Amino acid sequence: MSSTGTTTAPIALPTEVGVVNVGLPLFAAAVAAQGRPSVQVDWRVPAGGDPVALAALRRLSGPLNEQVDEANAEVFRRLDTGVPMLTGVRPAGEVVPGLSGRTLLHAGPPMGLADAGDPLRRSMRAAVVAEGWAEDVDRADALLARGEITLAPANESGGVVPMATVMGPTTPVWVVELEAGGLSSWAPLGQGSGNVAWFGRDTPEAVERLVLLREAVEPVLAEALRDSGPLDVLSIAAQAVAMGDDVHVRTQAATNLLIKHLLPSLMAAEHPRRVEVARYLSANHLLFLTLAMASARSLTAWAGQVEGSSIVTTMARNGTEFGAKLSGGQEWFRAPAPMVGHALYHPGRGPDDSAPDIGDSAVLELIGLGGAAAAGSPAVGQLVGGLAAAAELTEELGRVCIGRSSRFTLPTFGGRGTPLGVDVRRVVEHGITPKVTTGILHNSDGSGQVGAGVAEAPLGCFRAALLDLDARLTAPKDAHNG
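The structure contained in this document is the topic of the report that follows. Bear in mind the structure is a predicted one, so any value in this text is a computation, not a measurement.

Judged by nonpolar contacts, the single largest core of 97 residues is most densely connected at Leu-104, Val-128, Trp-174 and Phe-288. It is helix 7 (residues 204-228) that provides the largest number of residues to this core, a total of 13 residues. Judged by nonpolar contacts, the second largest core, of 33 residues, contains Ala-53, Phe-333, Ala-362 and Leu-397.

The next thing to look at is the packing of aromatic side chains. The final tally for this structure, using the stated rule, is two aromatic pairs. Judged by centre distance (4.6 Å) and plane angle (20°), the ring pair of Trp-198 and Phe-199 falls under stacked. The class for Phe-199 is buried, based on a relative accessible area of 5%. Their ring planes at 45° and their centres at 6.2 Å tell us that Phe-322 and Phe-462 sit as a pair that is tilted.

Right, let's get into the sheet that holds strand 10 (residues 321-326). A sheet is described by the order of its strands in space; here four strands give the open sequence 11-10-9-13, paired in antiparallel fashion. Strands with a single pairing partner mark the edges of an open sheet, and in this sheet they are strand 11 (333-336) and strand 13 (358-359). Judged from the four bridges that link them, strand 10 and strand 11 form a sheet pairing that is antiparallel. Looking across to strand 11, one finds that Gly-323 is bridged to Arg-334.

Our next topic: the side chain of Thr-171. Assignment of secondary structure puts Thr-171 in the loop between strand 5 (150-153) and strand 6 (172-178). Polar side-chain contacts of Thr-171 include one of 3.0 Å to the backbone nitrogen of Gly-168.

So, about helix 10 (residues 274-283). If you check which residues of helix 10 are buried, you get Val-277, Tyr-280 and Leu-281. Down the axis, helix 10 shows its buried residues gathered within 95° of arc, on one side only. Facing away from the buried surface of helix 10 by more than 90 degrees, the exposed residues are Arg-279, Ser-282 and Ala-283. Those residues of helix 10 that are buried are in contact with helix 7, helix 9 (252-267) and helix 11 (287-303).

Tracing the sequence through the fold places Thr-290 in helix 11. Within the structure, the side chain of Thr-290 is placed 3.1 Å from the side chain of Trp-174, a separation counted as a polar contact. Discounting residues that sit within four places of it in the chain, Thr-290 has contacts with Pro-162, Trp-174, Ala-187, Pro-188, Leu-189 and Gly-190.

Take the pattern of salt bridges next. In this structure the tally under the stated criterion is 28 salt bridges. A salt bridge links Glu-148 to Arg-146, with the nearest nitrogen and oxygen atoms 2.7 Å apart. Here Arg-334 makes a salt bridge to Glu-321, at a shortest N to O gap of 2.9 Å. With Arg-334 in strand 11 and Glu-321 in strand 10, this pair connects stretches of sequence that are 13 residues apart. Exposure remark for Arg-334: the relative accessible area of 38% places this residue in the partly exposed category.

Here we come to the state of the cysteines. Scanning the entire structure with this criterion turns up zero disulfides. Here Cys-461 stays unpaired: no disulfide links it, and the sulfur of Cys-401, its closest cysteine neighbor, is 15 Å away. Residue Cys-461 is classed as buried on the basis of its relative accessible area of 0%.

Sheet architecture is open: three strands sit in the order 12-17-16, paired in antiparallel fashion. Lying at the two open borders of the sheet, with one neighbouring strand each, are strand 12 (340-345) and strand 16 (435-441). Along the sheet, successive strands turn relative to each other by an average axial angle of 25°, direction set aside. Relative to strand 17 (residues 449-456), strand 12 runs antiparallel, the two sharing four bridges. When the sheet's bridge partners are listed, Leu-344 is paired in strand 17 with Ala-452.

Cut-offs applied
Residues numbered from 1 in each chain as written. Predicted model: local features only at pLDDT ≥ 70, side-chain atom pairs only at ≥ 80, totals over all residues. Heavy atoms only, no water. Core = buried A, V, L, I, M, F, W, Y, C linked by side-chain atoms within 4.5 Å. Buried < 20%, exposed > 50% of the residue type's maximum accessible area, 1.4 Å probe, protein only. Helix = DSSP H or I, 4+ residues; strand = E, 2+ residues; numbered from the N terminus. Phe/Tyr/Trp six-rings, centres within 6.5 Å; stacked < 30°, edge-to-face > 60°. Pairing = 2+ DSSP bridges. Polar contact = N/O pair within 3.5 Å; in protein donor to acceptor, adjacent residues only side chain to side chain. Arc of directions from axis to C-beta. Contact = heavy atoms within 4.5 Å. Salt bridge = Lys/Arg side-chain N within 4 Å of Asp/Glu carboxyl O. Disulfide = S-S within 2.5 Å. Axes fitted to C-alpha atoms, helices over the stretch in contact; angles between N-to-C directions.

Geometric descriptors of this kind do not, in isolation, establish any biological role.
Shown next, in the form of structure tokens:
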């Protein structure tokens, strides 16, 4: 009986208990071990408790939220609805602005020769020989060392290159046009598997492959495309995603669909080396990769014209640094290039053989492919420990994206669209960075690819991009008040 004279009902404890745990996972695990239902909430301190980043987040998600969200909606629309069309194959010197003389383009942010890792330097030597600037790789290395070759990032010339690819004026490139944005983009023809320069090899065979692409593959494909007409690249990619490609580490379905489309025109080829070209095409299961990259680059270039957005429109790695840019911004935000984890190595290879992550192919993750499509790709599942783990990659990326693609859908994942629109605010708040499905190159002996896995983008460059966006959007107001 209470002090007021009323009778209090006895407290009845529940007979069934379920636990929602926030914090240390061991508490949820202990409950589950006793046979009771438990749910672990993946909660983290926002921005890791960083007071500077938290202050920027409060402004960008508070007073500036409507302005940023409006810009983000336009960026998302461009990424989701643009239709890149393959229109041709041409020598890079005819397509890439300013690419003339002894200039080589590489992946990732700008860098000097002294900072180039072993795979990239070997690829540079192979490219110098293929261009005819040196008779062999030793003389090529001497030219590079004397500074007689100009190095520049492909991204800043409107294109992208995969892994350790280095390209000069005679390199054949896919040309992709985006009518809605009034712009074009490009990427080199894929070199294929084995003893090739984009895997960090500088052997005579690697040089021969570069010459084959220039002298035979380029004219045959160019003629086939003139005959077949422009091709909607991402419609093929969408079909391939439904067939198990992530269109990054696995592009078999997309490549087969592309060759099927071109087959009648290819059969009409009269080039004297057409049989060599056919062997190259049939053996190159990653043929579609660079075409997809060029298409993605056209979308991110169009999206990147929008000012005041918090959406990431560039992610690229030169083997030494990882670089990112936001829509509307020109500055590279850099951090050390990550190593590749969740790796599946070739026999006899392991982490001690691995070079840091390299290549511009992370542009694919920014348009809903690669890690964004991992949930539908058994090949990615092999890398990360099963389809459930691959699904976690897609789900995690979804936490830092503003929406889902209407173009790329995953039949084995409830028909959901892939995550699209990486928001730097969410990346920094949750401490979750994009995961990139990628290959692994040997770090020193020039033996090429040693495996494949998943690289985790470094958080530092996203934090720097967030603070820069905050400064750009608050500076006019501060100046006015001053």
